[in-house]
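Overview (structure and organization)
In case you want the letters, here they are:
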Amino acid sequence: MTLRPEDERFMAEAIRLSHRHLGLTSTNPSVGCLIVKDGVILGSGVTAIGGRPHAEPQALAEAGEAARGATAYVTLEPCSHYGKTPPCAEALIAYGVARVVISVTDPDQRVSGRGITMLREAGIEVDTGILETEGRRSLAGYLMRQTRNRPYVTLKLAISADGMIGKTGEGQIRITGDAARAQVQMLRAESDAILVGIGTAISDDPELTCRLPGLEDRSPLRIVIDDELQLPLGSKLVRTARQYPVIAVAGHPPSFDDNTDAAFLGRRATLDAAGVEVLQSNSSEPGELLEALGTRGISSLLVEGGAKTARRFLDAGLVDRILLFQGPADIGEGGIESPVLKSNIPADFMHVGESRFGDDLCDEYERGF
């Protein structure tokens, strides 16, 4: 591999570009691509909303004839197979690029290594692994679904200075300020799905949409762990279910007697009539739910609460990233303890960054995969 001084700079820009459509590209990853010649960006592209067209043909089309002899910076190995669109590797060859720089090799068996081979056989210089750690982070959802058939799970918690996430009987409590809350809205916009437990859904009555102006249409699929289908019909989640999809994850119906079964089925029919999809899954085995979501093409899941739900995913070893937003004030007596704190992060997580949002801090931890 022959690195050039500008390689990391342009790859970093391609990675930033790829973030633009996180959560919007269906089963395809959000990939960034730049076409560069003599230090000038001639064309740029990011996987389109819905997953097509891919990043490379968009960047090449923008560069046009000037792409001949240029370098392409791509966050993920260009595809080499014919699907609903021709291979991106073929497009790079046809436009006459001289060099392709790749951050991450694609684990998809239809692609893995084949795109690189196709480019090299055409006489194109190929370098891989440029800013690979950063590239894998930007593609984490896609890579997790490809390798483990489940979404990449981020656990987000807002914690008071005394380690609480709420107060018993008081519903939603404001722990962090506006800047941190805006960042959480951005997390929602970049996620395929968001999940809470029924306790949080009832006590806080959240809407779980993205409320940033102009990004409302990027609201994720909303999921509630609701074993007995207790989600109130008057809740914000149910009232907005036809606009922003909601899944209630029910346990397998109880079989104490015919009346119990009938009541459960009645609640299911009522939620269904309101536009809420009911998915039956064993909530004590969250891996079962994640597998079902992966089958649907869900690549990233944001778990927002509450304590019981967070602990369930942590205990199952199914959390891949932890974001701890900490506010400056105490909650005090009656507080609900956070399931995880900076002082007891699981040993297999690594601290990868700290950010400040006004008076609040956010610590980020990741587990490799």
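Residues numbered from 1 in each chain as written. Predicted model: local features only at pLDDT ≥ 70, side-chain atom pairs only at ≥ 80, totals over all residues. Heavy atoms only, no water.

Cut-off, in case you're wondering: UniProt positions are given in the numbering used here, feature names are shortened, and annotations may be inferred rather than shown by experiment.
The name given to the protein chain in an unreviewed UniProt entry is Riboflavin biosynthesis protein RibD, with Rhizobium hainanense as the source organism. Quoted verbatim from the Function (unreviewed entry) field of UniProt, the annotation for the protein chain is "Converts 2,5-diamino-6-(ribosylamino)-4(3h)-pyrimidinone 5'-phosphate into 5-amino-6-(ribosylamino)-2,4(1h,3h)-pyrimidinedione 5'-phosphate."

**Regarding the overall build of the protein chain**
Quick note on the threshold: For helices the rule is a DSSP run of H or I covering at least 4 residues; for strands it is a run of E covering at least 2, with both sets numbered from the N terminus onward. Two things to know: the radius of gyration comes from C-alpha atoms, and the globule rule equals 2.2 Å times the number of residues to the power 0.38. Partly exposed describes any residue whose relative accessible area lies between the buried limit of under 20% and the exposed limit of over 50%, with all areas from a 1.4 Å probe on protein chains only and scaled to the type maximum. Note on contacts: a residue pair qualifies if any of its non-hydrogen atoms lie within 4.5 Å across the two residues.
For the protein chain, the count of helices and strands is 12 helices and 16 strands. Compactness check: the protein chain gives a C-alpha radius of gyration of 23 Å against a globular reference of 21 Å for 369 residues, within 12% of the reference. Seen through its principal axes, the protein chain has C-alpha atoms that stretch 70 × 45 × 40 Å. Buried residues in the protein chain amount to 50% of all 369 residues. Long-range contacts, defined as pairs at least 24 residues apart, comprise 74% of the intrachain contacts of the protein chain with a sequence gap of at least 6.

**Remarks on the state of the cysteines**
Which entries qualify depends on this criterion: By disulfide we mean two sulfur atoms from cysteines, separated by a distance within 2.5 Å.
Scanning the entire structure with this criterion turns up 0 disulfides. Cys33 carries a free sulfur, and the closest cysteine sulfur to it, the one in Cys88, is 8.4 Å from it. Cys362 forms no disulfide, and the closest cysteine sulfur to it belongs to Cys210, at a distance of 17 Å. Classification of Cys362 by relative accessible area gives buried; the value is 6%.

**As for the pairing of strand 3 (residues 71-76)**
Let me state the cut-off plainly: The rule for pairing is simple: two strands pair if DSSP sees at least two bridges between them.
Of all 6 residues in strand 3, 6 are buried; the element is thus mostly enclosed. Across 4 bridges, strand 1 (residues 32-37) lies against strand 3 in antiparallel orientation. The residue of strand 3 that forms the bridge with Val36 is Thr71. Two elements, strand 3 and strand 4 (residues 99-104), share 5 bridges in a ladder whose sense is parallel. Across the sheet, residue Tyr73 finds its bridge partner in strand 4, namely Val101.

**What to know about the environment of Asp348**
Put simply, the rule reads: Definition of a polar contact: a pair of N or O atoms within 3.5 Å, with one able to donate and the other able to accept a hydrogen when the atoms are protein atoms, and with sequence-neighbouring residues admitted only if both atoms are side-chain atoms.
Its location among the elements puts Asp348 in the loop between strand 14 (335-337) and strand 15 (350-357). For Asp348, a relative accessible area of 43% corresponds to the partly exposed category. For the pair Asp348 and Ser80, spaced 268 residues apart in the sequence, the C-alpha separation amounts to 35 Å. Side chain to side chain, Asp348 and Arg367 meet in a polar contact 2.7 Å long.

**Some remarks on the packing of aromatic side chains**
The line we're drawing: Only rings of Phe, Tyr and Trp enter the pairing, Trp through its six-membered ring, and a pair is recorded when the two centres are within 6.5 Å. The plane angle decides the type: under 30 degrees is stacked, over 60 is edge-to-face, the rest tilted. Geometrically, a lysine NZ or arginine CZ counts as sitting over a ring once it is within 6 Å of the ring centre and also within 35 degrees of the ring normal.
Counted by the stated rule, this structure contains 2 aromatic pairs. Relative to Tyr73, the ring of Phe10 lies with its centre 5.4 Å away and its plane at 40°, an arrangement referred to as tilted. Note that Phe10 is positioned in helix 1 (residues 7-18) and Tyr73 in strand 3, a separation of 63 residues in sequence. Grouping residues by exposure puts Phe10 and Tyr73 together as buried. A ring pair is formed by Phe325 and Phe357, whose centres lie 6.0 Å apart and whose planes are at 35°; its orientation type is tilted. Taken together, the residues span a long stretch of sequence, with Phe325 in strand 13 (residues 321-326) and Phe357 in strand 15 at a distance of 32 residues. Classification of Phe325 as buried rests on a relative accessible area of 2%. For Phe357, a relative accessible area of 18% translates into the label buried. In this structure, Arg9 packs its charged tip against the face of Phe10, placed 4.4 Å from the ring centre.

**Some thoughts on the side chain of Asn28**
Residue placement: Asn28 occurs in the loop between helix 1 and strand 1. Taking the relative accessible area as the measure of exposure, Asn28 reaches 18% and is therefore buried. In terms of polar contacts, Asn28 uses its side chain to reach the backbone carbonyl oxygen of Gly51, at 2.9 Å. The residues touching Asn28, leaving out its near neighbours within four places in the chain, are Gly51, Arg52, His54 and Arg145.

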